[in-house]
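Chain residues, written in single-letter form:
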Amino acid sequence: MKELEDIVKAYHNACQQGLKTALATVVHVEGSAYRQPGARMLVTENGTLTGAISGGCLEGDALRKAQLVILQQQPMLVTYDTNDEDDATLGVGLGCNGIVHILLEPINAANPDNPLALLQEAIAHRSPAVLVTIFSLRQRKGPQPGTCLLLNANGQTAYPIEDRKLQQAVTADAQVALDTRASFTKTYQAGNNHFTAHAAYLPPAVQLLIAGAGNDVIPLVKMASLLGWRTIVADGRPLYASKARFPDATRVVLAKPAQLLSAINTDAHTAVVLMTHNYNYDLALLTQLLPLPLPYIGVLGPVKKLQRMLSELMENGVPVSRQQRARVHGPAGLDLGAETPEEIALSVISEIKSVMAAASATSLRERNTTIHPREQQIILQQVL
């Protein structure tokens, strides 16, 4: 989500400067590639790039083609074959063992129905969304509808597609992607035309609530901000809970445990870390957090601290179910051998990321499968 936010911000800056732009989107990958379908990059006519469609190997050529798209005001589908390590066509030996298809779309700022308007709508609400880009692999010189549909909990925003039945079919499948929280790529046959749609599932940015405003919280906030997470720092001490101490935080809240959660909207994408170094504050807040459907609650400190907290809750008649206990991580963080506040922050951030992504957090070299899960295979569907 941070990449989309950066792209929208760069687009508005370009418009203020009177610069024309184009949007590059990875729409389909065969084999292995650095970025997966749904990755985007904004290109301005003066050569500024925001976002990424590869590890840096495709951007130069894509920039030149995007500038041509801006000049001609016509979308273009380009393909890069990275299988051959000795292929010097792009100036480097890529060796990614994959074929990458990228759609380049000119952005007409005067037209309110442009792809960047959909991207802006996608980041405007804190809710999951599906962003659909339609293209044609078989008829590259034909129409390329491009980024034309956004579906989220607030409803649907779609730009007209000439074939109404195609739009209805794509919209129905986008709803399935939203319900299942899974991206997909699918091909539709509309008369003699074949169109492929990539539906990218976009979860909202992680919201990180940090209870505590000590010095060890500062690197945690900085790392979370770098990832594009929305961070909330909360503490009951006025001298600690200040925006001046945490300029990278989204919010800083001065509150006692009893008032804190009433001032914050938590959801299924919210992680909480208790690190006030005040046992009673952490215990009072943990009591309120356990019933909430939070995916991650981290408790900084030794394992005996968490065991004592859970024992006190049980003794005071507060039940702790197996499901609730599974969401509590204490000591918080992965075993990285962390010692300094910065290293501890890296450890905690890494554990939260692994939980949110339902990933194992093991070394990649131990994997027997691909790093990125393959999306649903392309399916041919007859559209009547």
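Here is what the cut-offs are and how they apply
- Residues numbered from 1 in each chain as written.
- Predicted model: local features only at pLDDT ≥ 70, side-chain atom pairs only at ≥ 80, totals over all residues.
- Heavy atoms only, no water.
- Pairing = 2+ DSSP bridges.
- Helix = DSSP H or I, 4+ residues; strand = E, 2+ residues; numbered from the N terminus.
- Axes fitted to C-alpha atoms, helices over the stretch in contact; angles between N-to-C directions.
- Buried < 20%, exposed > 50% of the residue type's maximum accessible area, 1.4 Å probe, protein only.
- Arc of directions from axis to C-beta.
- Polar contact = N/O pair within 3.5 Å; in protein donor to acceptor, adjacent residues only side chain to side chain.
- Salt bridge = Lys/Arg side-chain N within 4 Å of Asp/Glu carboxyl O.
- UniProt positions renumbered as here; feature names shortened; annotations may be inferred.
- Parallel < 35°, antiparallel > 145°, perpendicular 65-115°, else oblique.
- Left-handed = near helix turned anticlockwise from the far one by under 90°.
- Contact = heavy atoms within 4.5 Å.
- Nonpolar A, V, L, I, M, F, W, Y, C, P; charged D, E, K, R; others polar.

Here we look at the sheet that holds strand β5 (residues 98-107)
Then step 1. The sheet built from 5 strands is open, its strands ordered β3-β2-β1-β5-β4 with antiparallel pairing. Lying at the two open borders of the sheet, with one neighbouring strand each, are β3 (49-51) and β4 (76-81). Averaged over all pairs of adjacent strands, the angle between strand axes in this sheet comes to 25°, irrespective of strand direction.
Then step 2. Sheet topology places strand β1 (residues 21-31) next to strand β2 (residues 40-44); 5 bridges connect them, and they run antiparallel. The residue of β2 that forms the bridge with Leu 23 is Leu 42.

A short note on helix α3 (residues 115-124)
Then step 1. Taken together, the buried positions of α3 are Pro 115, Leu 116, Leu 118, Leu 119, Ala 122 and Ile 123. Buried positions in α3, seen along its axis, are confined to an arc of 155° and lie on one side of it.
Then step 2. Of the residues flanking the start of α3, the one acting as N-cap is Asn 114, its side-chain oxygen 2.9 Å from the backbone nitrogen of Leu 116.

What about the pattern of salt bridges?
Then step 1. Overall, the coordinates contain 10 salt bridges when judged by the stated rule.
Then step 2. Arg 35 is paired through a salt bridge with Glu 3; the nearest N and O atoms lie 3.1 Å apart. Of this pair, Arg 35 sits in the loop between β1 and β2 while Glu 3 sits in helix α1 (residues 2-16); the two residues are 32 residues apart in sequence, bridging distant segments of the chain.
Then step 3. By relative accessible area, which is 22% here, Arg 35 ends up partly exposed.
Then step 4. With a relative accessible area of 23%, Glu 3 lands in the partly exposed category.
Then step 5. Between Glu 5 and Arg 230 there is a salt bridge, with the nearest N and O atoms lying 3.3 Å from each other. Separated by 225 residues along the polypeptide, Glu 5 in helix α1 and Arg 230 in strand β12 (residues 230-235) bring together distant segments of the chain.
Then step 6. Judged by relative accessible area, which is 24%, Glu 5 ranks as partly exposed.
Then step 7. What makes Arg 230 partly exposed here is its relative accessible area of 31%.
Then step 8. In the salt-bridge network here, residues are joined through shared partners; they are Asp 61, Arg 64 and Lys 65.

Here we look at the UniProt feature "domain: XdhC- CoxI" (unreviewed entry) in the protein chain
Then step 1. According to UniProt, the "domain: XdhC- CoxI" (unreviewed entry) feature falls on residues 15-81.
Then step 2. Annotated as 24% helix and 37% strand, the span residues 15-81 places its first and last C-alpha atoms 33 Å apart.

Some points on the packing of helix α5 (residues 217-226) against helix α10 (residues 341-356)
Then step 1. In the contact formed by α5 and α10, the axes pass within 8 Å of each other and the chain directions differ by 45°. What the angle tells us is that α5 and α10 run oblique. You can see that α5 and α10 cross each other, and the crossing is right-handed. Contacts between α5 and α10 pair Pro 219, Leu 220, Met 223 and Ala 224 from the former with Pro 341, Glu 342, Ala 345, Leu 346, Val 348 and Ile 349 from the latter.
Then step 2. Each residue belonging to the contact of α5 with α10 can be placed in one class, and the counts come to 9 nonpolar, no polar and 1 charged.

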